There are 2 protein chains.
Amino acid sequence: MANHFYSKRDLTFHLYEVLNAEQLTRLPYFQDHNRESFEMVLDAAGQIAESMLKPLLTEMDRKEPQLVDGKIRVHSGIRPIIRRFGDDGWINAPFSYEEGGQQFPATIMNAATFIFGAANYSSSVFPFLTTGAANLLRSFGSPELIETFTPNMYAGRWQGTMALTEPDAGSSLSDITTTAEATDQPGVYKIRGQKIYISAGDHDACENIVHLMLAKIKSGPLGAKGISLFAVPQKRPENGHLLDNDVLTAGVYHKMGYKGAPIAHLMVGSNDGCIGYLVGEPHKGLSYMFQMMNEARIGVGMNAVSIGTAAYYASLEYARERPQGRPIAEKDPSRPQVPIIRHADVKRMLLFQKAVLEGSLGLLLQCSYYADLVHAAEGDEKEKAALLLDLLTPIAKSYPSEMGCLTTSASVQILGGAGYTTDFPVEQFYREARIHPIHEGTTGIHGLDLLGRKVIMHNGKAVTLLLAEIQTDMAAAQVSPEGEALSNQLGAALVVLDKVTRHLLSLAPSDTEAFLADATLYLELFGHVVIAWQWLRQTTVARQAIANVHDDDQNFYQGKLMAARYFYEYELVKIHALSRRLISADRVTIEMQNEWF
Amino acid sequence: MANHFYSKRDLTFHLYEVLNAEQLTRLPYFQDHNRESFEMVLDAAGQIAESMLKPLLTEMDRKEPQLVDGKIRVHSGIRPIIRRFGDDGWINAPFSYEEGGQQFPATIMNAATFIFGAANYSSSVFPFLTTGAANLLRSFGSPELIETFTPNMYAGRWQGTMALTEPDAGSSLSDITTTAEATDQPGVYKIRGQKIYISAGDHDACENIVHLMLAKIKSGPLGAKGISLFAVPQKRPENGHLLDNDVLTAGVYHKMGYKGAPIAHLMVGSNDGCIGYLVGEPHKGLSYMFQMMNEARIGVGMNAVSIGTAAYYASLEYARERPQGRPIAEKDPSRPQVPIIRHADVKRMLLFQKAVLEGSLGLLLQCSYYADLVHAAEGDEKEKAALLLDLLTPIAKSYPSEMGCLTTSASVQILGGAGYTTDFPVEQFYREARIHPIHEGTTGIHGLDLLGRKVIMHNGKAVTLLLAEIQTDMAAAQVSPEGEALSNQLGAALVVLDKVTRHLLSLAPSDTEAFLADATLYLELFGHVVIAWQWLRQTTVARQAIANVHDDDQNFYQGKLMAARYFYEYELVKIHALSRRLISADRVTIEMQNEWF
C-alpha cells in the first residue's frame, strides 16, 4: 500500500485486544468515553496526519528554520497545524472538563501521538510541548497563572516549552545558573541566564511562547534542592497587551534530523527586563518538572516507535516491489528476478523492525494505561500502577530510542543504495531517529535511573510487582504450544535478570562505582526481557484469535506469531551476552584512565 | 589535541610492532623500500590530509555536487586535490617501475588511505577510484588501451570509475542489461544502457572520465558468464582530440552523507554514439572486476575505520573538555563538575570505539599485508596468503562497516545534544559511516560470500590456515597473565565458532536455504572472533613493550591492554547470543510469508 506509515489494525490490536483499553471507562474520570469515542479520536488523528502532517515531511526537512532578525522562521505549514490542534481540542484533550478538556485517557492520546509522529515527527512536537507545559501550569500554578496563560496555549495561539538545559548544565541539571531575584510583588521574579536546546523555544507560527523554566532563587540551597519553576513568557501579558519580556533568541541550532522543529538558544534577561512567575512553591521546581519529564519520556519512546514504524513500512513497500536476485535454491539466470522480500535476510531485517517496534508500541501503550490508572484509579490499583510506571519509564523511553536507530538502519539497508539517497524517506528517518537516545535524558541517565533508583525503590517493590505481572501472563500463555515455549524461554530470562540484579545490588554498598558502571547494559538487558514479555502477551491474544478468522486477519495474527518467534530467537538471546559482562568482575571501564586513550 | 583525527603512534604500532611491515622489503618487488621510505609516504599523506583534505571536510558536506547543464559540478577544492595526488605519484604508486609506479606495498598505501579517509572521506575517493580502474586496465587491457588511458589517469587528469550497477541490477550483477555490439574493428564495441550509482561518474574536476564498465556482448551466454569488461571513456581520444562519446549524465544523487563525492546516473549510448573498448577476453568481465572489487572492499573497510577514527578523536577531545556531573561516589553539589571522561559510561563508549577501530585497523593492515604477499611472494607463502585474504575479505569489509555505524553513534552520544547539531563534526561522520554497509557489496552479500563460498572453498583449507595462525598467536600470548587469560577466552570462542560452522555446514546438502538464511549473523560472529584475535596479537606486543617505556609510550601500551580487555569483556561475549540463534532449528525467517507482514 503506497504511503502506508502506520498500521491502524495493529493499533486496534494493542488497544482493544491486548490492553482492553475500554476498561478505563469504568473509572469515573473516563466514564463518558467508550470505544467509539476512542475510535473517533484515532480516526481524526489519522486524518490530520495524512492530510496535514505527512505532506510536509520532506519539505520541512529540506527547508530548515532560520533565524532572521532575531526571530526564528519556521515552515509556513506549521502555523495551520498548530491552530488545527488548538481548534480541535487536541492540546488540552486529556485535561478535565472544568479546564475545557475532554478527559481523554493518556492511552488514547499517546496512540494519537504515535500516529502524528509517524506522519511527521517535527511537526508533531509543537502541540505536544504545549500540552506538557500547560499541564505543569495547571498542576502547580496559581489560578491566576492558569487563567493568564493556559487558554491561549490550549487554543494553539501560544507555544509552551520546557526550558531546562544550559551551556553548563545538561545531564547535570542541578548545576543550572539561571537566577531568579524576588521583586516586591509576591511570586514575581527577575530572571537572568541562558538556556540552550529549547525545543520550539522561538518561532513565528504562534503569537507568544511560554517557557516553563528552571532557575535558582538567589540565596536558595545549592544543587537540585535550590531549583524553582517559573513561567517565563516571551511576551508578557499586561493590561491586555503583550510586552516584550527580554527573552532574546541568540541562535537556532542546525541539526542532523528532525529539522522542521526549531531548537533555540535563548538569552534571558540580558537587559534586566525579564519577568518570571513562580509556579508552585520555591525550590520544588525539579520535582514538578519531573512530572512533565516522565510524561515526555513516554512521548519520546512513542515517537521513536513512530519514526521507526514509518521507516519500517517504507522498507516493507520497497521489499515487496523491488526485484533483485533469485531464491537461494533456484539460481537459473533465465528465470525472472524475485522481489527481495523473498530473501530470508531481507525478511530477517523486516521482522527485526516489526518485532522491535510492535513490541515497543505494546509497552508504551501499557505504560500509558498505567499512567491513566495513576491519574484516575484509587487505592492499591493506583499505587501499583504508579510503581510499575516508575519502574518501566526508563525502559519505555530508552529501549525504543536506542533500537529505533537500529530499526531505521535496517530500513536503509533494505533499500540499499537507494536508501542512502534523498530519493526515499528512509535516510531522513535514520537521521531523525538519532535524537531520541539523547533528549529527555540520555540512555546513560536512564540506566542510572533504572538501576540506581527504580529497581531499589521501596525495597524492590516495583520489580516484585512487575515479576508478578509477567508470571500471570506466562501462566496465561500456556494455552498453546508456542505460548508455552515462549513462556519457558521468558522464565529462563527472568532467572538471568534476577541473577544479574542480585549480583549488581551486592556491589552497591561497597563499590558504588562498579554497581552503576554498566547501568546502560543493565537497562538494555532489562529492555529485552520486558519486550519479550510484551510479545508473550501478544502471542496469547493472537493464538486465541487466529482460530476463528480468515484472510487479512489470519495474516495479521500469523505475522504476530512469527514476530514473537523472531524476537525470542534473535533478540531475547542477547541477554546471554549482556549477563556475561554484567556479572564479570573486570572493572575495565572504571580502571581506564584519561591519559591512556 | 585539537583537530586530532588519527593516531600516527597507533599506525606505527600496527605497521612495525605488530605486523613487521619492513619484512616485505625482503621480497624482490619491494626490495628498494625500507622503513624510511614507508615513513616518508605516511608523513606526506599526513601532510596532504592535514593541509588539503581536512579543511574542506565540512564545506564539501554543505555544498553538494550539482548537475548544471548536463555536467556535475563539484567543490572547487577537488581539482587541486586530484592533481596533487597525480603530481605526487599517489595514483600509480603501487604499480611497477615499468609502469611509472613506485612498487609500494598495499600495506603502506592502505595506511595512507586510512589517513586520507580520516581527514575527508569524500575527497579521498576520487584518486582511489582512479587507481582501481587503472589497475584493471593495466592488468587485463591491451598495450594500446593501457597506453591510451593510463598516463592521464596516473596524472590525475582523467578520472577512473567502476561502472557496474544498473536500475535492475545491483546486488544481482548477473542481471545487467547494458549491451555491447561488435563493430568491424576488433575490440571495439557499441555500448548501450544505463548505469546508476557511479561514484565520480561525472564531474568537472578532471578533463575526462574513464569508466571500467560491465556490459553483455550481444548473443553471449546468459547471466554472469556473459558479462564482459569495457573501457568506456566519457570523451573518446582520437587523433589527439577528445570526442564526445555519448555518455550522458542523467542525474546526480543527493545523499545522506559523503556528499562531496558525486554519484552519477549515466545514460550510455542513447544516441547510438558510444564506443567501448573490450578489456581482456570476452565474457570474463566479472572475474576481472572481482580483482578490483576485492581491493576496493579492503579500501571500504579501511575508510569505515577512517571515519570512525575521526569521530572517535572528536568525541575523545569533547569528553576531556566537557565538564558535567560529578563522580558517582562524591555527589557534593558544591564541588566543581568533572570532565565527562571521568564517568565510567563515557569511558565505556570511548573504549568501544577504540577497541572496534584499532582492532579493525589491525585486521585491515594484516589483509593488506596478505595482498602484498599474494602480489610479490611465491609458492606456499603466496598461496597461503591468497587463501587467508580471500577468507578474511568479507569480514574486513563488513565488520568495520557495520560497526562504524555504531562507533560513530557512540561519538554522537558522548557529545549529547551538541553531537546532534551541525556545530560539531560527529553528526557528519554518523551520516557518512552509513554508506559502508551498502556499497561494494551489502553486508548480506558478504555473509553469503563468507559462508557459502569462502568457508567451504578448497575443502575448508582457508579456515584451517586461519585457525593455525590464531593458534600460533595464542601460544605467543602465554607470556603474560593477561595474554593467557585472553588466549583462553579466544580458545573458547574458537570452539563456539567451530560448533556453529559444523552445524551450518551440516545443513548445506539438504537445506540450502536454512544453511544460508543467517549468513549475516555468521559473518558477525566470525568478525567478533577475528577482531578478538587481532587484540590478542596487540596485547602480546604491548605487554612485551610496556616494561621498558615511560610516559607517553607507557600510556599508549596501557591503553592497548585496556582496549583488549574491553573487547573481550563487552564485544567477544556477543558470540554467545549469536551462536544460540545460529544453532537453533527455528526457521522463522524462511517460513515468514510476504502477506503476514
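As annotated in an unreviewed UniProt entry, chain A carries the name Acyl-CoA dehydrogenase and comes from Nibrella saemangeumensis. Here is the UniProt Sequence similarities (unreviewed entry) comment for chain A, exactly as written: "Belongs to the acyl-CoA dehydrogenase family." UniProt's Cofactor (unreviewed entry) comment on chain A is quoted here verbatim: "FAD".

Enquirer: Would you mind going over the overall build of chain A with me for this structure?
Expert: Helix and strand counts for chain A come out as 19 helices and 12 strands. Against the globule reference of 25 Å for 597 residues, chain A gives a C-alpha radius of gyration of 24 Å, in line with a compact fold. In terms of overall dimensions, chain A has C-alpha extents of about 80 × 60 × 55 Å along its principal axes. The proportion of buried residues among the 597 residues of chain A is 64%. Residue pairs at least 24 apart in sequence account for 75% of intrachain contacts in chain A once pairs closer than 6 positions are excluded. Of the roughly 20600 Å² of accessible surface on chain A, a fraction of 52% belongs to carbon and sulfur atoms. The averaged location of the 67 negative side-chain charges in chain A is 4 Å from the averaged location of its 53 positive side-chain charges.

Enquirer: What is the right way to look at the nonpolar core in this model?
Expert: For soluble globular proteins, the rule of thumb is that nonpolar side chains tend to be buried together. The biggest cluster of nonpolar side chains holds 408 residues, and the ones touching the most others in it are Leu490(A), Tyr522(A), Leu490(B) and Tyr522(B). Sequence-distant contacts of Leu490(B), that is, excluding residues within four places in its chain, are made with Ile470(B), Met474(B), Val529(B), Ala532(B), Trp533(B), Leu536(B) and Tyr568(B).

Enquirer: What exactly am I supposed to notice about the packing of helix α14 (residues 481–507) of chain B against helix α17 (residues 551–571) of chain B here?
Expert: Angle between the axes and distance between the axes are the two parameters that describe a pair of packed helices. All names here are of chain B. Between α14 and α17, the least distance of the axes is 11 Å, while the angle of their chain directions is 25°. Taken together, the axes of α14 and α17 are roughly parallel relative to one another. The handedness of the crossing between α14 and α17 is left-handed. Residues Glu 482, Leu 486, Gln 489 and Leu 490 of α14 lie in contact with α17, whose contacting residues are Leu 561, Ala 564 and Tyr 568.

Enquirer: Just to check I follow, could you spell out the relation of the copies chain A and chain B for this structure?
Expert: With an axial shift of 0.0 Å and an RMSD of 0.0 Å, the rotation relating chain A to chain B amounts to 180°. Here the copies are linked by what is in effect a two-fold axis. Relative to the rotation axis, the C-alpha of Ala577(A) is the closest in chain A, positioned 2.8 Å from it. A shared interface surface links the copies, since 100% of the contact residues of chain A are contact residues in chain B too.

Enquirer: What am I meant to see in the domain arrangement of chain A here?
Expert: A common way to report how large an interface is uses the accessible area buried once the components associate. Residues and elements named next belong to chain A. Structurally, chain A comprises domain 1 (8–152), domain 2 (160–282) and domain 3 (444–585). Look at where the C-alpha atoms of domain 1 and domain 2 centre, and you get two points 24 Å apart. Counting the surface lost from both domain 1 and domain 2, the interface buries some 2800 Å², and carbon and sulfur atoms represent 67% of this. Where domain 1 packs against domain 2, one counts one salt bridge. Across the pair Asp 202 and Lys 71 runs a salt bridge whose closest N-O atoms are separated by 2.8 Å. Summed over the shared surface of domain 1 and domain 2, the number is 12 residue pairs in polar contact (both at pLDDT 80 or more). Looking at the side of domain 1 that touches domain 2, the elements with two or more residues in it are α3 (57–62), β1 (66–68), β2 (71–73), α4 (78–87), α5 (106–140) and α6 (143–154). Ranked by the residues each element gives to the side of domain 1 that touches domain 2, the list is headed by α5, at 10 residues.

Enquirer: I tried to follow the interface of chain A and chain B on my own but got confused; where do I start?
Expert: Facing the 93 residues of chain A at the interface are 93 residues of chain B. When chain A packs against chain B, the two sides together hide about 8300 Å² of surface, and 59% of this comes from carbon and sulfur. For the chain A face of the interface with chain B, the top three residues by lost area are Tyr420(A), Trp596(A) and Phe597(A), together amounting to 11%. Where chain A packs against chain B, one counts eight salt bridges. Put simply, Glu569(B) and Arg581(A) hold a salt bridge, and the shortest N to O gap is 2.4 Å. Inspection of the chain A/chain B interface yields 61 residue pairs in polar contact (both at pLDDT 80 or more).

Enquirer: Hey, could you run me through the pattern of salt bridges in this one?
Expert: Two side chains carrying opposite charge are able to pair once their charged atoms lie near each other. Residues and elements named next belong to chain B. The full count for this structure, using the stated rule, is 76 salt bridges over all chains. Of the charged contacts in the structure, one is a salt bridge between Lys 190 and Asp 272, with a shortest N-O distance of 3.7 Å. Of the two residues, Lys 190 is situated in strand β5 (residues 188–199) and Asp 272 in the loop between β11 (263–268) and β12 (275–279); the sequence distance between them amounts to 82 residues. Taking relative accessible area as the criterion, Lys 190 reaches 27% and is therefore assigned partly exposed.

Enquirer: It is not clear to me how the UniProt feature "domain: Acyl-CoA dehydrogenase/oxidase C-terminal" (unreviewed entry) in chain A should be interpreted in this structure. Could you clarify?
Expert: In the numbering used here, UniProt assigns the feature "domain: Acyl-CoA dehydrogenase/oxidase C-terminal" (unreviewed entry) to residues 284–448 of chain A. Helix makes up 76% of residues 284–448 of chain A and strand makes up 0%, while its end C-alpha atoms are separated by 22 Å.

Enquirer: Would you take a moment to explain the environment of Gln554(A) for this structure?
Expert: Residue and element names in this part refer to chain A. Mapped onto the elements of the fold, Gln 554 is located in helix α17 (residues 551–571). Assessed through its relative accessible area of 25%, Gln 554 is described here as partly exposed. Separated by 17 residues in the primary sequence, Gln 554 and Glu 571 have C-alpha atoms spaced 25 Å apart. The residues touching Gln 554, leaving out its near neighbours within four places in the chain, are Ile 546 and Val 549.

Enquirer: Please explain the side chain of Gln538(A) as it appears in this structure.
Expert: By the secondary structure assignment, Gln538(A) is in helix α16 (residues 519–546). According to the relative accessible area criterion, Gln538(A) is buried, its value standing at 0%.

Enquirer: I'm lost on the pairing of strand β6 (residues 208–217) of chain A in this one. Help?
Expert: Residues and elements named next belong to chain A. Along β6, 10 of the 10 residues are buried, which leaves the element largely enclosed by surrounding structure. Across six bridges, the pairing between strand β3 (residues 158–163) and β6 is parallel. Opposite Met 162, over in β6, you have Leu 212 as the bridge partner. One ladder, built from two bridges, connects strand β4 (residues 179–182) with β6; its direction is parallel. When the sheet's bridge partners are listed, Thr 179 is paired in β6 with Lys 216.

Enquirer: What exactly am I supposed to notice about helix α11 (residues 426–433) of chain B here?
Expert: In an α-helix, one full turn covers 3.6 residues, which means residues spaced three or four apart are oriented alike. Burial within α11(B) is extensive, with eight of its eight residues counted as buried. Every buried residue of α11(B) is listed here: Val426(B), Glu427(B), Gln428(B), Phe429(B), Tyr430(B), Arg431(B), Glu432(B) and Ala433(B).

Enquirer: Whenever I open this one, the environment of Lys195(B) confuses me. Can you help?
Expert: Residue and element names in this part refer to chain B. Inspection of the secondary structure assignment puts Lys 195 in strand β5. In this structure, the C-alpha to C-alpha distance between Lys 195 and Ala 250, residues 55 residues apart in sequence, is 9.8 Å. Residues in contact with Lys 195, not counting those within four places in the same chain, are Ala 163, Leu 164, Thr 165, Glu 166, Ile 176, Thr 178, Met 213, Leu 214, Ala 264, His 265 and Leu 266. In terms of polar contacts, Lys 195 uses its side chain to reach the side chain of Glu 166, at 2.9 Å.

Enquirer: Mind showing me how you'd approach the UniProt feature "domain: Acetyl-CoA dehydrogenase-like C-terminal" (unreviewed entry) in chain A here?
Expert: Per the UniProt record, "domain: Acetyl-CoA dehydrogenase-like C-terminal" (unreviewed entry) is annotated on residues 466–593 of chain A. With 82% helix and 0% strand, residues 466–593 of chain A has end C-alpha atoms that lie 39 Å from one another.

Enquirer: Quick question: what am I supposed to make of the packing of helix α1 (residues 8–18) of chain A against α16(A) here?
Expert: All names here are of chain A. At a closest axis distance of 11 Å, the pairing of α1 and α16 adopts a crossing angle of 85°. Judged by the angle between their axes, α1 and α16 are roughly perpendicular. Between α1 and α16, the contacting residues are Phe 13, His 14, Glu 17 and Val 18 on the first element and Arg 537, Gln 538, Val 541 and Ala 542 on the second. Of the residues belonging to the contact of α1 with α16, the class tally is four nonpolar, two polar and two charged.

Enquirer: Before we go on, may I ask you to explain the packing of aromatic side chains in this structure?
Expert: The description of an aromatic ring pair uses the distance of the two centres, along with the angle that the planes make with each other. All names here are of chain B. According to the stated counting rule, one finds 42 aromatic pairs over all chains in the structure shown. Ring centres of Tyr 6 and Phe 114 lie 6.3 Å apart, and the angle between their planes is 85°; on these two criteria the pair is classed as edge-to-face. Of this pair, Tyr 6 sits in the segment before α1 (8–18) while Phe 114 sits in helix α5 (residues 106–140), placing them 108 residues apart in sequence. Across the pair, Phe 114 and Tyr 6 agree in class, each one buried. Ring centres of Tyr 189 and Phe 230 lie 5.1 Å apart, and the angle between their planes is 70°; this geometry places the pair in the edge-to-face category. With Tyr 189 in strand β5 and Phe 230 in strand β7 (residues 227–233), this pair connects stretches of sequence that are 41 residues apart.

What counts, and where the lines are drawn
- Residues numbered from 1 in each chain as written.
- Chains lettered and ligands numbered in written order.
- Predicted model: local features only at pLDDT ≥ 70, side-chain atom pairs only at ≥ 80, totals over all residues.
- Heavy atoms only, no water.
- UniProt positions renumbered as here; feature names shortened; annotations may be inferred.
- Helix = DSSP H or I, 4+ residues; strand = E, 2+ residues; numbered from the N terminus.
- Rg over C-alpha atoms; globule rule 2.2 N^0.38 Å.
- Buried < 20%, exposed > 50% of the residue type's maximum accessible area, 1.4 Å probe, protein only.
- Contact = heavy atoms within 4.5 Å.
- Areas by Shrake-Rupley, 256 points an atom, 1.4 Å probe, with all protein chains shown as cover.
- Lys, Arg positive; Asp, Glu negative; His and termini not counted.
- Charge placed at Lys NZ, Arg CZ, Asp CG, Glu CD.
- Core = buried A, V, L, I, M, F, W, Y, C linked by side-chain atoms within 4.5 Å.
- Axes fitted to C-alpha atoms, helices over the stretch in contact; angles between N-to-C directions.
- Parallel < 35°, antiparallel > 145°, perpendicular 65-115°, else oblique.
- Left-handed = near helix turned anticlockwise from the far one by under 90°.
- Least-squares fit on C-alpha atoms with pLDDT ≥ 70 in both.
- Domains from an automatic or database assignment.
- Buried area = accessible area lost by both parts, 1.4 Å probe.
- Salt bridge = Lys/Arg side-chain N within 4 Å of Asp/Glu carboxyl O.
- Polar contact = N/O pair within 3.5 Å; in protein donor to acceptor, adjacent residues only side chain to side chain.
- Pairing = 2+ DSSP bridges.
- Nonpolar A, V, L, I, M, F, W, Y, C, P; charged D, E, K, R; others polar.
- Phe/Tyr/Trp six-rings, centres within 6.5 Å; stacked < 30°, edge-to-face > 60°.

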